[in-house]
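Observations on the three-dimensional arrangement
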Amino acid sequence: MGHSRRSVLAGLALLGLPAGSACSDGEPAPGATDTRVEVFSWWAGPGEKEGLEALVADFRRQYPGVDFDNAAVAGGAGTVARSVLATRLQNDDPPDSYQIHAGQELAADIAAGYVEDLRYLYDQQGWRAKLPAGLVEAITFDGAIYSVPVNIHRSNLLWYRPETLAGLGLTPPATWAEFLAQADGLRSRNLTPLSIGPLWTQKHLLENVLLGALGPDGYTGLWNGGTDWGGGQVQQALHLFTDVLTLTDAATAVGDWQAAVDHVVAGTAVYNLMGDWVDAYLRTKGLTFTTGYGAVASPGSSRVYNFLSDSFTLPKGAPHRPAAEKWLVTCGSVSGQDAFNPQKGSVPARTDADSSKYTGYLAAAMAEWADEGTRVVGSMTHGVVVDNTWSTEIDTALSQFTQDKDAARFAAAAGRRR
């Protein structure tokens, strides 16, 4: 059964988001100042920091009297940063604002009372009318809104070098069966069919193998109860994942996602499955979309947008709360998003951004995101459809699964919180 992108995106709000306590008076804490703002993120590596730098430049243009303190902690997908942040929040030492993925990833912080309700800021800035209704619903908890989205990313993309494929006489595989067929010939040429990095990138691969094998309805059902983790289709999809994983360089991989992409650039690996932040990274290497690199939907997921969204919060007790509000206003502004997203390799969360600023891959991404025929699902790896506790349980089970290949055991562990 088909669904429009708007209805599916709106439906992501129905995945069991917990209630949160509202605190929307907008009053600064005693002693709070607006002369400095400390912003915590994981945008420290190439292909990410350039976007943050562009956003900061727009913030400084809008608020020249506020010093920006960049508290970024390196590590793909925030794997390291979230641990550091958790310690700070538990010790009552919050930054003035911190990055979080929109969706269930924020649920625990809301339940713990770490973040403020931002509805007053949404009212002041008129953001509800400028963001997709489904996105606003996906970041709404019991009627309250606790973050400001700055972008939309796409998880399900297969990256390659056109010259590599031309030399091999190949076109990107449309299905996982096609990928497996290509992989046999690639290994005989001493090429890595699919480069990969640390566990979180393997989790990223897993979600998109599941998406390609189960389809958008079956994939979404894994998170809302509609799909049986112990059923035959899921078991087949998990066995497919282990088959695909054997065709990667996981055993010898070093570095994060950038290092994995570098193997594709060098021609020692043919494909890499990663989100569209790769676009920004490859542009930093002087490559041009369609000639220097290409991207297609990951196998089996044509016309599906596996989305995630980076957003920023206002922690309770922020030392420089008035400045933090200014930062959030910049994050939600047209100028801020149009400065940030072309550098980050993402499309704007706002619907009224300047489309002329988005070229190459980003022009195609904007068109597909806006297309009512595009199916939208939420990323598991990047916090849209699972909360932190469930995500950690999946990480533990996945670490074991990549070693023992026991699909039934993994399914029992990964699906038990549904």
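Scroll up to find the structure this text is about.
So, about empty space enclosed by the protein. Here the idea is plain: a probe the size of a water molecule rolls over the atoms and shows the empty space left. Counted under the stated rule, the structure contains three cavities of 30 Å³ or more. The computed volume of the second largest cavity comes to approximately 50 Å³. Elements represented by at least two residues in the lining of the second largest cavity include exactly β9 (192–195), α11 (257–266) and β10 (269–274). Counting residues per element, the lining of the second largest cavity draws most heavily on β10, which supplies three residues. In the lining of the second largest cavity, the residues fall into six nonpolar, four polar and no charged.

Bringing the sheet that holds strand β3 (residues 97–101) into the picture now. Strand order in the open sheet made by the five strands is β2-β1-β3-β13-β6, with mixed pairing throughout. Of all strands in the sheet, those bounded by a partner on one side alone are β2 (67–70) and β6 (148–149). In terms of strand pairing, β3 meets strand β13 (residues 310–312) through three bridges, oriented antiparallel. Residue pairing for β13: Ile-100 is matched across the bridge by Ser-311. Helix-sheet contacts for helix α3 (residues 81–90) involve β1 (36–40) and β3, and the interaxial angle to β1 is about 130°.

Within this structure, the stated rule accounts for 24 aromatic pairs. Both rings, one in Tyr-219 and one in Trp-223, keep their centres 5.7 Å apart while their planes meet at 75°; by these two values the pair is edge-to-face. Residue Tyr-219 and its partner Trp-223 are both found in helix α9 (residues 199–224); the two are separated by four residues, about one turn of the helix. Like Trp-223, Tyr-219 is buried. Through successive ring pairs, a cluster of aromatic residues spans Trp-43, Phe-59, Tyr-63, Phe-68, Phe-312, Trp-327 and Phe-340. In this arrangement the basic side chain of Arg-82 is found over the ring face of Trp-42, its NZ or CZ atom lying 5.8 Å from the centre.

Of all hydrophobic cores here, the largest spans 123 residues; its most connected members are Val-37, Leu-205, Trp-223, Leu-238, Trp-327 and Phe-410. Counting residues per element, this core draws most heavily on α9, at ten residues. Non-local contacts of Leu-205, meaning those with residues more than four positions away in its chain, are made with Trp-176, Leu-194, Ile-196, Phe-241, Val-244, Leu-245 and Leu-273.

Reading guide: rules and limits
Residues numbered from 1 in each chain as written. Predicted model: local features only at pLDDT ≥ 70, side-chain atom pairs only at ≥ 80, totals over all residues. Heavy atoms only, no water. 1 Å grid on protein atoms, 1.4 Å probe; cavity = no way out; pocket = protein on both sides within 12 Å on 5 of 7 lines; lining within 4 Å. Points joined across faces, edges and corners; volume = space filled by probe spheres on them. Helix = DSSP H or I, 4+ residues; strand = E, 2+ residues; numbered from the N terminus. Nonpolar A, V, L, I, M, F, W, Y, C, P; charged D, E, K, R; others polar. Pairing = 2+ DSSP bridges. Contact = heavy atoms within 4.5 Å. Axes fitted to C-alpha atoms, helices over the stretch in contact; angles between N-to-C directions. Phe/Tyr/Trp six-rings, centres within 6.5 Å; stacked < 30°, edge-to-face > 60°. Buried < 20%, exposed > 50% of the residue type's maximum accessible area, 1.4 Å probe, protein only. Lys NZ or Arg CZ within 6 Å of the ring centre and 35° of its normal. Core = buried A, V, L, I, M, F, W, Y, C linked by side-chain atoms within 4.5 Å.

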